[in-house]
Amino acid sequence: MPSLEQQPSGLEISKKEKLERLEKSLSSSERAGLIKRWRDVSNNSEAKENLAAFARLGINVGITIADMVPGAGEATETGLNVLRLAGNVYPWLREIHPTKSLSATETIAVQALSSPAELASLGTAPTYLINTIRQTWADYKAGNFSKLKYVAGYLITGDTDYYNKLKENSSNLDTAAGLFKK
Amino acid sequence: MDLKMQKIEAIKTLLEFSLLFNNKVKAEIINNLSKFTEPEIESLGKLLAIEHENRSSLDEATIKSYIENFSKTYGKRH
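Residues numbered from 1 in each chain as written. Chains lettered and ligands numbered in written order. Predicted model: local features only at pLDDT ≥ 70, side-chain atom pairs only at ≥ 80, totals over all residues. Heavy atoms only, no water.

**Brief notes about the overall build of chain A**
- Across its full length, chain A holds 11 helices and 0 strands.
- Starting at the N terminus, the α and β elements of chain A follow one another as α-α-α-α-α-α-α-α-α-α-α.
- Out of the 182 residues belonging to chain A, those deemed buried represent 28%.
- The long-range fraction of contacts in chain A, counting pairs at least 24 apart against all pairs at least 6 apart in sequence, stands at 63%.
- Accessible surface, chain A: about 12000 Å² in total, of which carbon and sulfur atoms supply 65%. (Helix = DSSP H or I, 4+ residues; strand = E, 2+ residues; numbered from the N terminus. Buried < 20%, exposed > 50% of the residue type's maximum accessible area, 1.4 Å probe, protein only. Contact = heavy atoms within 4.5 Å. Areas by Shrake-Rupley, 256 points an atom, 1.4 Å probe, with all protein chains shown as cover.)

Structure follows, in structure tokens:
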């Protein structure tokens, strides 16, 4: 029998039970596979960069749409430029910035040069589109979208793992299939 | 290892990478492989071998007919 010190408290027991129940339910369902696949992707820097590029694209498209709202777009763009400048001091800010591949000078210049268009359209011109296109192009050139379909496919079906394992085991499978060829 | 055992092991290997059955059915087949007759092992093996050799261009109709034939013979006994 465990000593009193070894016995977990009531709170710990309920937490433990909850975890056990969760583990049981997860191991008996497809979600376990999804969590595992998500961990695999998180541990792969290339896959992570592909997902980040996709997220950047989504965020930038969102900001471009928001830029059509007078005032809101300009405020967001100015805020992002401030963050981009701060990124020169705090590198982690640059890493999470939606236009991380563009310099602060570039993004500020885009905002300044597009000001006449913003004024003429009363703030409805989606001038942030320039940044979106430039960042997307930079990600594309860097190959940050090249593995996206494999990452997405792996997350959804586990296929990337399947095909890799299939490749590794091709000779074993050939031998096994050979037994039934006659 | 006799030929039947070799074929059973080969089926297990092929089943691991087969997309014809879900994991539950695969486990069911593996658990009952020892109860399969020679013709059943042969037909299941051939089915999986065909799948392996034609992964890129599976003829669904052929595969379906093999599955139906296998289900008929296996179903009659169980």
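Read on for the rest.
**Regarding the pattern of salt bridges**
- By the definition in use, this model includes 7 salt bridges over all chains.
- A salt bridge links Asp139(A) to Arg56(A), with the shortest nitrogen-to-oxygen separation between them at 2.9 Å. Placement of the pair is Asp139(A) in helix 8 (residues 129-141) and Arg56(A) in helix 3 (residues 45-66), with a sequence separation of 83 residues.
- Of the charged contacts, one joins Lys12(B) and Glu9(B) as a salt bridge, the two residues approaching to 3.5 Å between their closest N and O atoms. Here Lys12(B) and its partner Glu9(B) are both found in helix 1 (residues 3-16), 3 residues apart, which amounts to about one turn of the helix.
- By relative accessible area, Lys12(B) is classed as partly exposed at 31%.
- In the salt-bridge network here, residues are joined through shared partners; they are Glu49(A), Arg56(A) and Asp139(A). (Salt bridge = Lys/Arg side-chain N within 4 Å of Asp/Glu carboxyl O.)

**Looking at the packing of helix 11 (residues 170-178) of chain A against helix 1 of chain B**
- Contact pair helix 11 of chain A / helix 1 of chain B: the axes reach a minimum separation of 9 Å and the direction vectors enclose 130 degrees. With respect to each other, helix 11 of chain A and helix 1 of chain B are oriented oblique. Where helix 11 of chain A crosses over helix 1 of chain B, the handedness of that crossing is left-handed. Facing helix 11 of chain A, whose interface residues are Asn172(A), Leu173(A), Ala176(A) and Ala177(A), helix 1 of chain B presents Ala10(B), Thr13(B) and Leu14(B).
- Broken down by class, the residue content of the contact of helix 11 of chain A with helix 1 of chain B amounts to 5 nonpolar, 2 polar and no charged. (Axes fitted to C-alpha atoms, helices over the stretch in contact; angles between N-to-C directions. Parallel < 35°, antiparallel > 145°, perpendicular 65-115°, else oblique. Left-handed = near helix turned anticlockwise from the far one by under 90°. Nonpolar A, V, L, I, M, F, W, Y, C, P; charged D, E, K, R; others polar.)

**Focus on the interface of chain B and chain A**
- With 17 residues of chain B in contact, the opposing surface of chain A contributes 14 residues.
- Interface area lost by chain B to chain A is led by Phe17(B), His52(B) and Glu53(B), which between them contribute 37%.
- Put simply, chain B and chain A have 1 salt bridge between them.
- Here Glu53(B) and Lys181(A) are joined by a salt bridge, their closest N and O atoms 3.9 Å apart.
- Summed over the shared surface of chain B and chain A, the number is 1 residue pair in polar contact (both at pLDDT 80 or more).
- Broken down by secondary-structure element, the contributors of at least two residues to the side of chain B that touches chain A are helix 1 and helix 3 (38-53) of chain B.
- Of the residues assigned to the side of chain B that touches chain A, the class counts are 8 nonpolar, 4 polar and 5 charged. (Buried area = accessible area lost by both parts, 1.4 Å probe. Polar contact = N/O pair within 3.5 Å; in protein donor to acceptor, adjacent residues only side chain to side chain.)

**Section: a nonpolar patch on the surface**
- A grouping of Val89(A), Tyr90(A), Trp92(A) and Ile96(A) is seen on the molecular surface, where their side chains present a nonpolar patch of about 500 Å² in accessible area.
- If you trace the backbone, Val89(A) turns up in the loop between helix 4 (72-86) and helix 5 (91-96). (Patch = residues over 30% accessible without salt bridge, like charges linked within 9 Å, V, L, I, M, F, W, Y side chains within 5 Å.)

**What about the side chain of Thr107(A)?**
Residue and element names in this part refer to chain A.
- Relative to the helices and strands, Thr 107 is located in helix 6 (residues 104-113).
- Classification of Thr 107 by relative accessible area gives buried; the value is 2%.
- Among the polar contacts listed, one links the side chain of Thr 107 to the side chain of Asn 81, at a separation of 3.0 Å.
- Among all residues touching Thr 107, those that are not within four sequence positions of it are Asn 81, Arg 84, Thr 99, Leu 102 and Asn 131.

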